[in-house]
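Understanding the architecture of this molecule
Residue strings, one per chain:
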Amino acid sequence: MISDIVRKNYKEEIFGATVYEELAKIEKNVKVKEVLEELANGEKSHASFWKEVAESRGVELEELGFFDRLKIKILKLFRRVFGLPLTLKLVERGEISDAEKYYQLSKAAEFNDTERQKLSSIMMQELVHEDLLVQTQINADKIRDAIYAVSDGLIEVLAGVSGLASILASPFLVALGGIIIGVSGTISMSIGAYLSSSSENDIRKSKLKKEKLRALLGQAYSSNEGDNEINKNSESVKITAISYILGALVPILPFLLGLGGLLGLITSYAFTGVVTFIVGGIIGILSDVNPFKKGAVMAGLAIVAALVTHLIGIAFHFIGY
């Protein structure tokens, strides 16, 4: 029914406007704050359209309720913990579908020509919203590097300590083995990241040399690009190393606290499972897929990998090693 469509869309636009307003209030970056305020004003204008449609048809509208306000508070908390880029990725998940929704509505016979024209205009504005959101995601690449490194540390070290726990009775020795695995993994990933970025820099330097030659012929040349990319690659290596070792510490922690045997193993699985689920959810948000499904898949794979190595350890212990 048209009344349900009007109520639903009005509430969604009011919700979006309130989210952007609340995020703008706690934003310290002036430019990003202006973008958030612009987005809030855009959502308000869309809500005003639906209010006009409701008044012309005698439809009573509902304002935001308790659970809507609760969602907004959760988003603000999420922003404080995980930062604005991830929060905006979470918010923007609906922008493309909103544009598609407004396209379908602009073709609906329930609306008159003026309303359909306005709906088409809102569709274009929703697409622009996505571009504005992307512009504010200044550190999205850094976050992506960190998240993937953390997930590698979690899964690899959990698998390692799980295997060690099946053959070593001492929590200290299991923790020590986990630390060795974590340190070696950190070194390996750092070297891999360095070699990758070094190769990219070599290719970029070769390109810059050619640009310098072109500059001698009067063509434009800029030397800042290469320096900026080298700095970015150096930061990427550091982020990868730090994030990996932080992830590696999670499955080791119970054994460092002196928990051994089955209790230490279960605690390690639980810690790693929860953190891996969170990391997987964040990867889902960054990848525009269902974060709960991604988190569940990653946590499941981490546990399976650990169980396999644990069974291998038990098998070797059983045959006398």
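Within any chain, residue numbers begin from 1 and follow the written order of that chain's sequence. Only residues with pLDDT of at least 70 are given local features in this predicted model, and only at 80 or more are side-chain atom pairs given and counted; all residues enter the totals for whole chains, interfaces and linings. Values shown for side chains rest on all heavy atoms present in the structure; no hydrogens or waters enter the calculation.

- By the naming in an unreviewed UniProt entry, the protein chain is Ferritin, CCC1, taken from Acidianus ambivalens.
- UniProt positions are given in the numbering used here, feature names are shortened, and annotations may be inferred rather than shown by experiment. The protein chain has a UniProt comment under Subcellular location (unreviewed entry) that states "Endomembrane system".

1. Examining the packing of helix α3 (residues 66–82) against helix α4 (residues 84–92)
- Note on geometry: axes are lines fitted to C-alpha atoms, helical ones only across the stretch in contact, with angles between N-to-C directions running from 0 to 180 degrees. Under the scheme used here, helices are H or I runs from DSSP no shorter than 4 residues and strands are E runs no shorter than 2 residues, and both carry numbers assigned from the N terminus. Axis separation between α3 and α4 bottoms out at 7 Å; the angle between their running directions is 140°. For the pair formed by α3 and α4, the contact residues are Leu75, Phe78, Arg79 and Phe82 on the first element and Leu84, Leu86, Thr87, Leu90 and Val91 on the second.
- Amino acids are sorted into nonpolar (Ala, Val, Leu, Ile, Met, Phe, Trp, Tyr, Cys and Pro), charged (Asp, Glu, Lys and Arg) and polar (every other residue, Gly among them). For the contact of α3 with α4, a count of residues per class yields seven nonpolar, one polar and one charged. Note on definitions: a residue-residue contact is assigned when non-hydrogen atoms from the two residues lie within 4.5 Å.

2. Topic: α4
- Accessible area is worked out with a 1.4 Å probe on protein chains only. A residue is then buried under 20% of its type maximum, exposed over 50%, and partly exposed in between. Counting buried positions over the nine residues of α4 gives seven, a clear majority of the element.
- Buried within α4 are the following residues: Leu84, Pro85, Leu86, Thr87, Leu88, Lys89 and Glu92.

3. Some thoughts on the pattern of salt bridges
- Just to be clear on terms, a salt bridge is a Lys or Arg side-chain nitrogen sitting within 4 Å of an Asp or Glu carboxyl oxygen. Using the criterion set out here, one finds ten salt bridges in the structure.
- Residue glutamate 22 is joined to lysine 76 by a salt bridge in which the shortest nitrogen-to-oxygen separation is 3.0 Å. Here the residue glutamate 22 occupies a position in helix α1 (residues 2–25), and lysine 76 occupies one in helix α3, the gap between them amounting to 54 residues.
- With relative accessibility at 16%, the residue glutamate 22 sits in the buried group.
- Glutamate 115 is the salt-bridge partner of arginine 57, the closest N and O atoms lying 2.8 Å from each other. Here the residue arginine 57 occupies a position in helix α2 (residues 30–57), and glutamate 115 occupies one in helix α6 (residues 113–136), the gap between them amounting to 58 residues.
- A residue is classified by how much of its surface remains accessible, and arginine 57, at 31% relative accessible area, is partly exposed.
- One salt-bridge network, held together by shared partners, links Lys11, Glu62 and Asp68.

4. Some remarks on the packing of aromatic side chains
- Only centres within 6.5 Å qualify two rings of Phe, Tyr or Trp (six-membered ring in Trp) as a pair; their planes then separate them into stacked at under 30 degrees, edge-to-face at over 60, and tilted for everything else. Taken as a whole, this structure holds four aromatic pairs when the rule is applied.
- With centroids separated by 5.1 Å and ring planes inclined at 65°, the aromatic side chains of phenylalanine 49 and tryptophan 50 adopt a geometry described as edge-to-face. The pair formed by phenylalanine 49 and tryptophan 50 is uniform in burial state, with each residue classed as buried.
- Taking the centre distance of 6.0 Å and the plane angle of 70° together, the rings of tryptophan 50 and phenylalanine 111 count as edge-to-face. With tryptophan 50 in helix α2 and phenylalanine 111 in the loop between α5 (95–106) and α6, the pair connects residues that are 61 residues apart, well separated along the chain. For the pair formed by tryptophan 50 and phenylalanine 111, the shared burial category is buried.
- Cluster of aromatic residues (ring-pair linked, three or more members): Phe49, Trp50, Tyr102 and Phe111.

5. Concerning the side chain of serine 243
- With respect to the secondary-structure elements, serine 243 resides in helix α9 (residues 224–256).
- On the basis of relative accessibility, which here comes to 8%, the residue serine 243 falls in the buried class.
- Excluding anything up to four places from it in sequence, serine 243 contacts Ala146, Ala149 and Val150.

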